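Residues per chain are reported as follows:
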Amino acid sequence: MGKTTGKSATSGPKPARRVARLTREGGTGQLGGSEARVEAVMQAARKAGLLHGKGGRIGGRVSPVLVRQAKRQTGIEADTDLIEFALATVALEDNFAQAFRTSRGKVDPELKLGF
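All of the points below concern the structure found in this document. (Residues numbered from 1 in each chain as written. Predicted model: local features only at pLDDT ≥ 70, side-chain atom pairs only at ≥ 80, totals over all residues. Heavy atoms only, no water.)

1. Let's talk about the overall build of the chain
Within the chain, the regular secondary structure consists of four helices and zero strands. When its helices and strands are written in sequence order, the chain yields α-α-α-α. Contacts in the chain between residues at least 24 apart in sequence constitute 58% of all its contacts with a sequence separation of at least 6. Surface exposure of the chain reaches about 10100 Å², of which carbon and sulfur atoms provide 57%. (Helix = DSSP H or I, 4+ residues; strand = E, 2+ residues; numbered from the N terminus. Contact = heavy atoms within 4.5 Å. Areas by Shrake-Rupley, 256 points an atom, 1.4 Å probe, with all protein chains shown as cover.)

2. A short note on the nonpolar core
Counting nine residues, the largest nonpolar core is built from V38, V41, M42, A45, L51, I76, L82, F85 and A88. For this core, the secondary structure elements donating two or more residues are α1 (33–47) and α3 (79–91). In this structure, F85 is in contact with R37, V38, V41, M42, T74 and I76, ignoring residues within four places of it in sequence. (Core = buried A, V, L, I, M, F, W, Y, C linked by side-chain atoms within 4.5 Å. Buried < 20%, exposed > 50% of the residue type's maximum accessible area, 1.4 Å probe, protein only.)

3. Points about helix α2 (residues 64–74)
The backbone nitrogen of V65 lies 3.2 Å from a side-chain oxygen of the residue at the head of α2, namely S63. Just downstream of α2 lies G75, where phi reads positive at about 85 degrees. (Polar contact = N/O pair within 3.5 Å; in protein donor to acceptor, adjacent residues only side chain to side chain.)

4. A short note on a nonpolar patch on the surface
Together, V107, L111, L113 and F115 give the surface a local cluster of nonpolar side chains, amounting to about 530 Å² of exposed area. Structurally, L113 can be placed in the segment after α4 (96–102). Its relative accessible area of 58% is what places L113 among the exposed residues. (Patch = residues over 30% accessible without salt bridge, like charges linked within 9 Å, V, L, I, M, F, W, Y side chains within 5 Å. Salt bridge = Lys/Arg side-chain N within 4 Å of Asp/Glu carboxyl O.)

5. A few points about the packing of aromatic side chains
Under the defined criterion, the tally for this structure stands at one aromatic pair. For the ring pair F96 and F100, a centre distance of 5.7 Å and an interplane angle of 25 degrees mean the geometry is stacked. Taken as a pair, F96 and F100 lie in helix α4 at a separation of four residues, close to a single helical turn. Look at F96 and you get exposed, because its relative accessible area is 53%. (Phe/Tyr/Trp six-rings, centres within 6.5 Å; stacked < 30°, edge-to-face > 60°.)

6. Description of the environment of L87
Here L87 shows up in helix α3. Here L87 falls in the partly exposed class, since its relative accessible area comes to 47%. In the structure, L87 is positioned 37 residues away from L50 in sequence and 9.8 Å away in space, judged by C-alpha atoms.

7. Focus on the packing of α2 against α3
α3 packs onto α2 with a crossing angle of 75 degrees between their chain directions and a minimal axis gap of 11 Å. Judged by the angle between their axes, α2 and α3 are roughly perpendicular. Here V67, A70, K71 and T74 of α2 lie close against α3, whose contacting residues are D79, L82 and F85. Broken down by class, the residue content of the contact of α2 with α3 amounts to four nonpolar, one polar and two charged. (Axes fitted to C-alpha atoms, helices over the stretch in contact; angles between N-to-C directions. Parallel < 35°, antiparallel > 145°, perpendicular 65-115°, else oblique. Nonpolar A, V, L, I, M, F, W, Y, C, P; charged D, E, K, R; others polar.)

Right under this line is the structure:
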């Protein structure tokens, strides 16, 4: 008798991960729409050191409609890449709105703004 791993016999090798395909706008050379956002977030996450040492796992049940729409919006095809992008987006959030609300009324009314 062989050792069982708890995986089904049909699991086989994992398919290659696919990331969003980046396209350049004609004439400008600029990255197009959502692809540019995905690339900017992932580049910022790399620079912040958030993407090295990929040993963690995450799991959960979510609406397939939500996943399809998120993939459509971002151009990301692989679930792992989509989760990584979503987590990076949250991790890099600057919380500007909260900081703005917190600072309300804290500017000295005597401050000369020059106009």
